[in-house]
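Read off the chains here:
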Amino acid sequence: MTEGEKLIPINIEDEMKSAYIDYSMSVIVSRALPDVRDGLKPVHRRVLFGMYELGVFSNRAYKKSARIVGEVLGKFHPHGDSSVYDTMVRMAQPWSLRYLLVDGQGNYGSVDGDPPAAMRYTEARLQKISDELLADIDKETVDFRLNFDDTIYEPTVLPSRIPTLLVNGAAGIAVGMATNMAPHNLSEAIDGTIAYIDNNDITIEELMQHIKAPDFPTGGTIYGYDGVKQAFETGRGRVVLRAKTTFEEVDGRNCIIVNEIPYQVNKADMIAKTADLVKDGKLDGISEIRDESDRKGMRIVYVLKMDAVPNVVLNKLFKFTQLQSSFSVNNIALVNGRPEQLNLKDIIIHFVNHRHDVVVRRTEFELKKAKERAHILEGYMKVVGTQDDLDRAIKIIRESETPDVAREALMAAFDLSEIQARAILELRLRTLTGLEIDKIRAEYEEIMKTINYLQSILDDVNLRYSIIKEELLEIKSKYGDERRTDIDYSGGDFNMEDLIPDENVVLTISRMGYIKRTSLSEYKKQSRGGVGNRAATTRDEDFLEYIVVATNHQYMLFFTEKGKCFWLRVFEIPEGSRTSKGRAIQNLINIEPDDKVKAYIRTHDLMDEEYVRNNYVIMVTKNGIIKKTSLEAYSRPRANGINAITVREGDTLLEALLTDGKSQIMIASKYGKAIRFYDEKVRPMGRTASGVRGINLGEEPDNEVIGMIVVSDIENETVLVVSEKGYGKRTSIEDYRETNRGGKGVTTLNITEKTGKLIAIESVTDDNDLMIINKSGVAIRTGLDQIRVMGRATQGVRLINLKNNDEIAAIAKVEIEEEVEDENEELTDENGTILENNSESNNENPAEDHSTEE
């Protein structure tokens, strides 16, 4: 250190906080957010003022963009040249701004996302409407400040006559906040502003009679009005936008024609992604997509297949492509240098206050200039008012040795101020003619009228507001136009549910990962012990391993044995007939090749905050580890899935169920043991936790957990257990004593060679039906009221007749009531062979029913 210097120790944490806050405020105030008064961010303001300084007005010749960018960079905006050029380009793109501020000449990009030409090739000048933003800027209407190097001054705000923030909107990302403001129609915005001036107590609902909704430069249709209303009232809202479409017949084929697309949608990307969806089979009914857009306008043609229904295809396009998008309104702007969230009325109030301030400052400036001129004219008239006075003044000037002496002499002789004396000394000789003297008197009289008028403006607030209104109406007459964006008040957020009935369906998944959705009505209801009818066609060595009953509008959470969770709506699962094999699940969710789905959870609306907070996912692994996590943790899944549980080495996830946190849990093992405890004994954990011990599997080397149930109604529910050889029984839940988690449990089924090992456990009532699918693909559906409740340690009854050493693959309960079909009805298999149902005949032993083989 040099002499006199010293080190001051500081806390690095405090310094970093201070530095970050300074940086944040700099970004917020000086870069990312617009000013509520002129609706411009600093870079936009500097570009417009730089062009004003260069003189590239709408009635002047174009200048090279590089020249303009250099002017702005060198004087006002010390950042990258691309930031300035990109800003200027956007202000010249008709698909980006509702009312263009820059008149560009050359290649300024396209709605397909093509970049503009380099700044050395393009030219620009101000649009005529930009004159209104800069009008009166030379009349001290706004404050100026020194630029970055303190050499010249730049305006802190423009005196804009136009509510720019409302008509062109704004978008910006600051630190810790962002803004996204929608553009509006100029005529509507001015009508709303005038309505506020006429009535300061006007409500937002009344303002909405003038300003109906955002008006986007690319047109389109606003679908539904709730988001618009919310955005106007609170400053935040989601506006749903749809493309404008028509149906045409081209060359004998039905076609969907798109003439306008939603705001900020890249046309080329949208078409390419739509083509990919068609190619992948996710969007059917379209045979060809053509982009026939030209300079006259946009035209995208979707050629439909012969059997396609145009309205259904269009709704799918709205659902799966950017023909329908949303604009999230977030009205944050700088008010007195501080970011604030603003509703519609707030924006108008601040603009009117700004215009009032500009009118006052402009009037004061003009009054000052008028008084200065009147003062000089008064001096003229004192000196040249009569011929004698004029002769005396000329004599004084001729006899004076220097101008300063002449000035002093004139001031003494005619009682003039120094300003008046200087003005007289600078008079031209022609002003001394009689005609010019008359002009001076006339000018003085006119300037006095102006002074009186300007003073009346300053004295009368109503006159000031009437001036603001007159100027706004003038702007409207010059630049006002019709709305481009239509409003569909009857619309709303479109859901694919609108096309799909909320019927009961059966989801089946085979061991090799084929999934399908089939209407429950395709499965005939039979008596206990029936042979069943053909459920699915599977590949060699494949068999149906899981079935679950759901409704089309429910959500399905898929849990894999590696502990991953995936999310689908039921109707998003491909539909197939009872005999079809389905679709590979890898085509629906991004599951790893060596992973497989092990559990499902049917849920209601995962967007319902109260629902997801008050429910839990409880999971169990084959080794008896149990874990409970709030459903909320699984309500925002990602395309590649999320971690549901950390599975320990040598273990796999087996089951996942939904619970309200107050239910009882039962876990069953392969060798016929079951444990019962309250799920309150399992504390909630995070998604990545591995869990705690749920059941002790004992010393059997191949023992494992085969299932878990959640019991919420002890009095009415019973426990159904099923063995691999087709035996099963129902037992009262109270027969299982309550214990703590981690115990070995009690006997739930007497395991013998005849019954085989335990494979499933379910919680059921008499109102449920049971569906059973065996490994050869045969399914049977029967009423559970035909299976009597019996003791905990009994062997059970035969539920399905198995042939050729077949075994049961999966069971599921059907939680609906359906009228029993005629049990003597002829059923046919996929080959049309009649299957005679004799399930009630030849039943010598009621515990073991026999049916005619297929």
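These numbers were taken from a predicted model, which means no experiment stands behind them.

About the cut-offs
Residues numbered from 1 in each chain as written. Predicted model: local features only at pLDDT ≥ 70, side-chain atom pairs only at ≥ 80, totals over all residues. Heavy atoms only, no water. Pairing = 2+ DSSP bridges. Helix = DSSP H or I, 4+ residues; strand = E, 2+ residues; numbered from the N terminus. Axes fitted to C-alpha atoms, helices over the stretch in contact; angles between N-to-C directions. Contact = heavy atoms within 4.5 Å. Buried < 20%, exposed > 50% of the residue type's maximum accessible area, 1.4 Å probe, protein only. Salt bridge = Lys/Arg side-chain N within 4 Å of Asp/Glu carboxyl O. Phe/Tyr/Trp six-rings, centres within 6.5 Å; stacked < 30°, edge-to-face > 60°. Left-handed = near helix turned anticlockwise from the far one by under 90°. Nonpolar A, V, L, I, M, F, W, Y, C, P; charged D, E, K, R; others polar. Polar contact = N/O pair within 3.5 Å; in protein donor to acceptor, adjacent residues only side chain to side chain. pLDDT = per-residue confidence, 0-100. Patch = residues over 30% accessible without salt bridge, like charges linked within 9 Å, V, L, I, M, F, W, Y side chains within 5 Å. Areas by Shrake-Rupley, 256 points an atom, 1.4 Å probe, with all protein chains shown as cover.

1. Quick notes on the sheet that holds strand β11 (residues 253-260)
Right, so step 1: Taken in spatial order, the four strands make up an open sheet running β10-β11-β13-β12, and their pairing is antiparallel. Two strands lie at the open edges of the sheet, namely β10 (244-250) and β12 (286-291), each paired on one side alone. When strand polarity is set aside, the average angle formed by the axes of neighbouring strands in this sheet is 25°.
Right, so step 2: In the packing of helix α10 (residues 267-279) onto the sheet, contacts are made with β12 and β13 (300-304), and the angle to β12 comes to roughly 165°.

2. Overview of unusual backbone geometry
Right, so step 1: Located in the positive-phi region is Asp136, a residue other than glycine, with phi close to 70°.
Right, so step 2: Relative to the elements of secondary structure, Asp136 occurs in the loop between α5 (130-134) and β4 (144-146).
Right, so step 3: On the basis of relative accessible area, Asp136 is assigned to the buried category, the value being 12%.
Right, so step 4: The phi dihedral of Glu140 falls on the positive side, at around 55°, and the residue is not glycine.
Right, so step 5: Mapped onto the secondary structure, Glu140 falls in the loop between α5 and β4.

3. What about the sheet that holds strand β27 (residues 625-630)?
Right, so step 1: With respect to topology, four strands assemble into an open sheet ordered β29-β26-β27-β32, the strand pairing being antiparallel. Across the chains shown, the open sheet's two edge strands, defined by having one partner strand only, are β29 (653-659) and β32 (692-693).
Right, so step 2: Looking at chain direction, strand β26 (residues 616-621) and β29 are connected through six bridges and run antiparallel. Each residue of the ladder has a partner; that of Met619, found in β29, is Ala656.

4. Description of the pattern of salt bridges
Right, so step 1: A full pass over the atoms with the stated rule returns 46 salt bridges.
Right, so step 2: Among the ionic pairs, Glu366 bridges to Lys139, the shortest N-O distance being 2.9 Å. Here Lys139 lies in the loop between α5 and β4 and Glu366 lies in helix α12 (residues 344-384), a separation of 227 residues in the sequence.
Right, so step 3: One salt bridge in this structure joins Glu443 and Arg373, with 2.7 Å as the shortest N-O distance.

5. Overview of the packing of aromatic side chains
The geometry of two aromatic rings is summed up by the distance between their centres and the angle between their planes.
Right, so step 1: In total, this model carries eleven aromatic pairs according to the counting rule given.
Right, so step 2: With a centroid separation of 5.9 Å and 65° between ring planes, the pair formed by Phe49 and Phe144 is classed as edge-to-face. One end of the pair, Phe49, is in helix α2 (residues 42-54); the other, Phe144, is in strand β4, with 95 residues separating them in the sequence.
Right, so step 3: With centroids separated by 5.9 Å and ring planes inclined at 70°, the aromatic side chains of Phe559 and Tyr634 adopt a geometry described as edge-to-face. Placement of the pair is Phe559 in strand β22 (residues 555-560) and Tyr634 in the loop between β27 and β28 (642-643), with a sequence separation of 75 residues.
Right, so step 4: Taken together through their ring pairs, the aromatic side chains of Phe49, Tyr52, Phe57, Phe76 and Phe144 make up a single cluster.

6. Description of the packing of α12 against helix α15 (residues 418-425)
Right, so step 1: One can describe the packing of α12 onto α15 by two numbers: an axis separation of 9 Å at closest approach and a directional angle of 65°. For the element pair α12 and α15, the recorded crossing hand is right-handed. The segment α12 lies against α15, with His375, Ile376, Glu378, Gly379, Tyr380 and Val383 engaging Ile419, Gln420, Ala423 and Ile424.
Right, so step 2: Classifying every residue of the contact of α12 with α15 by side-chain character gives six nonpolar, three polar and one charged.

7. Quick word on the side chain of His77
Right, so step 1: Along the chain, His77 falls in the loop between α3 (65-75) and α4 (81-90).
Right, so step 2: Separated by 2.9 Å, the side chains of His77 and Arg46 make a polar contact.

8. Focus on the confidence of the model for the chain
Right, so step 1: Residue-level pLDDT values for the chain average 85, and 90% of them are 70 or greater.
Right, so step 2: Per-element confidence in the chain is highest for strand β3 (residues 123-126), whose mean pLDDT is 97, and lowest for strand β43 (residues 834-835), whose mean pLDDT is 31.
Right, so step 3: Between residues 816-854, whose pLDDT stays under 50, and residues either more than four places distant or in other chains, the model counts 63 contacts.

9. Observations concerning a nonpolar patch on the surface
Right, so step 1: Taken together, the side chains of Ile21, Met25 and Val29 define a hydrophobic patch exposed on the protein surface, amounting to about 240 Å² of accessible area.
Right, so step 2: Mapped onto the fold, Val29 is located in helix α1 (residues 12-32).
Right, so step 3: Here Val29 falls in the partly exposed class, since its relative accessible area comes to 31%.

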